[in-house]
Amino acid sequence: TKLKGNKFFEVTPSVVHFSGFSVDHVHQQVVKIVNISHVTKRLHILPCQTNNFSIHYEKRGKVAPGMAEQLIVQFTPHEWRYYFDSIRIHSEDENLLVPIHAYPTVAPI
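The rules behind each value
- Residues numbered from 1 in each chain as written.
- Predicted model: local features only at pLDDT ≥ 70, side-chain atom pairs only at ≥ 80, totals over all residues.
- Heavy atoms only, no water.
- Helix = DSSP H or I, 4+ residues; strand = E, 2+ residues; numbered from the N terminus.
- Buried < 20%, exposed > 50% of the residue type's maximum accessible area, 1.4 Å probe, protein only.
- Contact = heavy atoms within 4.5 Å.
- Areas by Shrake-Rupley, 256 points an atom, 1.4 Å probe, with all protein chains shown as cover.
- Lys, Arg positive; Asp, Glu negative; His and termini not counted.
- Charge placed at Lys NZ, Arg CZ, Asp CG, Glu CD.
- Core = buried A, V, L, I, M, F, W, Y, C linked by side-chain atoms within 4.5 Å.
- Pairing = 2+ DSSP bridges.
- Axes fitted to C-alpha atoms, helices over the stretch in contact; angles between N-to-C directions.

1. Observations regarding the overall build of the chain
Phase 1 of the analysis: When its secondary structure is counted, the chain shows zero helices and nine strands.
Phase 2 of the analysis: Helices and strands in the chain line up, N terminus first, as β-β-β-β-β-β-β-β-β.
Phase 3 of the analysis: Burial analysis of the chain (109 residues in total) assigns 37% to the buried set.
Phase 4 of the analysis: A fraction of 64% describes how many contacts in the chain between residues 6 or more apart in sequence connect residues 24 or more apart.
Phase 5 of the analysis: For the chain, the exposed surface amounts to about 6500 Å²; the carbon and sulfur share of it is 53%.
Phase 6 of the analysis: In the chain, the 11 positive side-chain charges and the 9 negative ones have mean positions that sit 7 Å from each other.

Structure below.
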C-alpha cells in the first residue's frame, strides 16, 4: 500500500485534513485520483470505516489516461476530539491509502 500514488494513479491531496471543525456540521473536501498512465485503468474505492466520514463519487468503472475520479469526502463530527480514517483504493498495481485526519483547533488570543 502506498501514499500519494503508484505508477498508474496520482492522488491529490495525498492526505486529507479537516482542522478547526464545527460540531454537528457537515464539512467536505475534494480528492482527485488522476490516471497518469497511457492506458485506461480500473480502480476500486473502499468506503471509510467510521460513521463520521463518508465518500461520494460517480463510479465510472474505468478511468481514461489524464482523466480523474473525483471523490467528495464528508466529515460530520459529533464531539470536539481527534478523528482518523482512511480511503483505500485498489488498482492493478499497488493499492493506495489516503489518510484522513480531523482535529479541533483553538482560536488565537
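2. Focus: the nonpolar core
Phase 1 of the analysis: The biggest cluster of nonpolar side chains holds 24 residues, and the ones touching the most others in it are Phe18, Ile33, Ile45, Phe53, Ile87, Ile89 and Ile100.
Phase 2 of the analysis: Contributions of two or more residues to this core are made by strand 1 (9-12), strand 2 (16-19), strand 3 (27-35), strand 4 (41-46), strand 5 (53-56), strand 7 (68-75), strand 8 (83-91) and strand 9 (96-103).
Phase 3 of the analysis: Once residues lying within four places of it in the same chain are set aside, the contact partners of isoleucine 87 are Ile45, Leu46, Cys48, Ile55, Leu71, Val73, Leu96, Leu97, Val98 and Ile100.

3. Overview of the sheet that holds strand 5
Phase 1 of the analysis: Taken in spatial order, the four strands line up as 1-3-7-5 in an open sheet, and their pairing is antiparallel. Edge positions in the sheet fall to strand 1 and strand 5, since each of these pairs with one other strand and no more. Between one strand axis and the next, the sheet turns by 25° as a mean value, whatever way the strands run.
Phase 2 of the analysis: Relative to strand 3, strand 1 is paired through four bridges, and the arrangement is antiparallel. Bridge pairing in strand 3 links valine 11 to isoleucine 33.

4. Considering unusual backbone geometry
Phase 1 of the analysis: The omega torsion across threonine 12 and proline 13 is -10°, close enough to zero to call that bond cis.
Phase 2 of the analysis: Its place among the elements puts proline 13 in the loop between strand 1 and strand 2.
Phase 3 of the analysis: The phi torsion at lysine 4 lies on the positive side, around 75°, for a residue other than glycine.
Phase 4 of the analysis: The residue lysine 4 is located in the segment before strand 1 in this model.
Phase 5 of the analysis: Accessibility expressed as a relative area gives 56% for lysine 4, which makes it exposed.

Keep in mind that these numbers describe shape and distance, not what the molecule does.
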